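These are the residues of each chain, in order.
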Amino acid sequence: MKKLIIASLLAATVILPASAALREGDAAPAFKAQASQAGKAFAFSLKDALKKGPVVVYFYPSAFTGGCNIQAHTFAVNHDKFSAAGATVVGVSLDSIARLNEFSADPNYCAGKFPVAADANGDIAKSYDLAIREIAAGKKDTRGIEIDHAAAERTTFIITPDGKIAATVGGLTPEANVEKALATVQQLAQHPSKKS
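Residues numbered from 1 in each chain as written. Predicted model: local features only at pLDDT ≥ 70, side-chain atom pairs only at ≥ 80, totals over all residues. Heavy atoms only, no water.

Caption draft 1: Broad picture of the overall build of the protein chain. A count of helical and extended segments in the protein chain gives seven helices and nine strands. Counting only residues that meet the buried cut, the protein chain has 48% of its 196 residues in that class. In the form shown here, the protein chain has an accessible surface area of approximately 9,600 Å², with 57% of it arising from carbon and sulfur atoms. (Helix = DSSP H or I, 4+ residues; strand = E, 2+ residues; numbered from the N terminus. Buried < 20%, exposed > 50% of the residue type's maximum accessible area, 1.4 Å probe, protein only. Areas by Shrake-Rupley, 256 points an atom, 1.4 Å probe, with all protein chains shown as cover.)

Here it is in C-alpha cells:
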C-alpha cells in the first residue's frame, strides 16, 4: 500500500508542469529580449509593454513543433480578442532569432499578429522558475529541420501593469492554455481595479 501511495505521488509530480513556476501575486521579472514580429527583429521590453496594459507572456518549447504551432495559431486567431481586452501577447522560447523571424511571419502560426522573443540561453525562463530540458539530439521540427536548442516548459503568465502576476497557466493543452489566458485578461478588463 505504501509503495502504491508513493508511486501515485511520484506520478502526480511528473504530470504537474509549472509546479515551481512563479504564482499569482508574485512580481514578474522584467526582461528585455530580441524578438520578432512579422519576420522583423526588434528589441522587446516587458516594462514598455506593461505601460499599455496587461501582458500575456507565454513560454513554449520550440517554434515549428506540433503543440507550439497549435498554440501560436490559436493566439493569432484570438489576437483581436486579446487586444479588445487591452492585453499584449508575447511568446518566449529558446529558439534563435533566425527561427523566430520565420515563425513570426508564418501565416499558419503567429501570422505577424504578435511578437515572439528569443531566450537563447534560457535566462528569462529561469527567472520565471520554469524547468528547461534538453531536446534529444537529432529531433526535427515539423519542417524537417533539426532543433538545436533546449526547451522551456509550456507555461503562460498574465501580468498586470503594476508588474504582478495575475495568473499562471500551465498543464493544459495548447488551445486550453490560450483560452484560459484570454478568459483571465477579459476578466481583468471587466474589473479594472485588479489591473494594478
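Anyway, onward from the coordinates.
Caption draft 2: Inspection of helix α5 (residues 97-105) at higher detail. When α5 is considered as a whole, its buried residues turn out to be I97, R99, L100, F103 and S104. Considered in projection along α5, the buried side chains sweep an arc of 145° and stay on one side of the axis. Where α5 is buried, its residues contact β1 (32-37), β2 (40-45), α3 (66-77), β4 (88-93) and β5 (116-118). (Arc of directions from axis to C-beta. Contact = heavy atoms within 4.5 Å.)

Caption draft 3: Broad picture of the packing of α3 against helix α7 (residues 174-190). It is at 8 Å that the axes of α3 and α7 come closest, and there the two elements cross at 30°. The orientation of α3 with respect to α7, classified from their angle, is roughly parallel. Two packed elements cross with a definite hand, and for α3 against α7 that hand is right-handed. Packed against α3, whose contacting residues are G67, I70, Q71, T74 and F75, the element α7 presents P174, E175, N177 and V178 at the interface. Looking at the contact of α3 with α7 residue by residue, the class counts come to four nonpolar, four polar and one charged. (Axes fitted to C-alpha atoms, helices over the stretch in contact; angles between N-to-C directions. Parallel < 35°, antiparallel > 145°, perpendicular 65-115°, else oblique. Left-handed = near helix turned anticlockwise from the far one by under 90°. Nonpolar A, V, L, I, M, F, W, Y, C, P; charged D, E, K, R; others polar.)

Caption draft 4: Region of interest: the pattern of salt bridges. Taken as a whole and judged by the stated rule, the model has five salt bridges. Of the charged contacts, one joins D141 and R143 as a salt bridge, the two residues approaching to 2.9 Å between their closest N and O atoms. Take R143: its relative accessible area is 32%, and that puts it in the partly exposed class. In this structure, a network of salt bridges that share partners links the residues D95, R99, E102, D141 and R143. (Salt bridge = Lys/Arg side-chain N within 4 Å of Asp/Glu carboxyl O.)

Caption draft 5: Geometry of the confidence of the model for the protein chain. Residues at a pLDDT of 70 or more form 87% of the protein chain, whose mean pLDDT is 89. In this model, residues 1-18 is a region of pLDDT below 50 whose contacts with residues beyond four sequence positions or in other chains number seven contacts. (pLDDT = per-residue confidence, 0-100.)

Caption draft 6: Layout of α3. Spanning 12 residues, α3 covers 17 Å between terminal C-alpha atoms, matching the ideal 16 Å at 1.5 Å per step. Residues of α3 that are buried include every one of C68, N69, Q71, A72, T74, F75 and A76, and no others. Residues of α3 that are buried in the fold lie against β3 (55-59), α4 (79-84), β4, α5, β8 (155-159) and α7. (Expected span 1.5 Å × (residues − 1).)

Caption draft 7: Spatial organisation of the sheet that holds β8. A sheet is described by the order of its strands in space; here seven strands give the open sequence β2-β1-β5-β4-β3-β8-β9, paired in mixed fashion. Two strands in the sheet have a free side with no partner beyond their single neighbour: β2 and β9 (165-170). With strand direction ignored, the average angle separating the axes of adjacent strands in the sheet is 30°. Relative to β4, β3 runs parallel, the two sharing five bridges. By the bridge assignment, F59 is partnered in β4 with V92. The strands touched by α5 within the sheet are β1, β2, β4 and β5, with β1 carrying the most contacts at an inclination of about 40°. (Pairing = 2+ DSSP bridges.)

Caption draft 8: Looking closely at the pairing of β4. The buried fraction of β4 is high, at six of six residues. Residues T88, V90 and V92 line one face of β4 and the alternating positions V89, G91 and S93 line the opposite face, and both faces are buried.

Caption draft 9: Looking closely at the packing of aromatic side chains. The final tally for this structure, using the stated rule, is 14 aromatic pairs. Relative to F103, the ring of F64 lies with its centre 5.1 Å away and its plane at 70°, an arrangement referred to as edge-to-face. Here F64, found in the loop between β3 and α3, pairs with F103, found in helix α5; they are 39 residues apart in sequence, far enough to count as distant. Here F64 matches F103 in class, with each residue buried. Through successive ring pairs, a cluster of aromatic residues spans Y58, Y60, F64, F75, F82, F103, Y109 and F114. (Phe/Tyr/Trp six-rings, centres within 6.5 Å; stacked < 30°, edge-to-face > 60°.)

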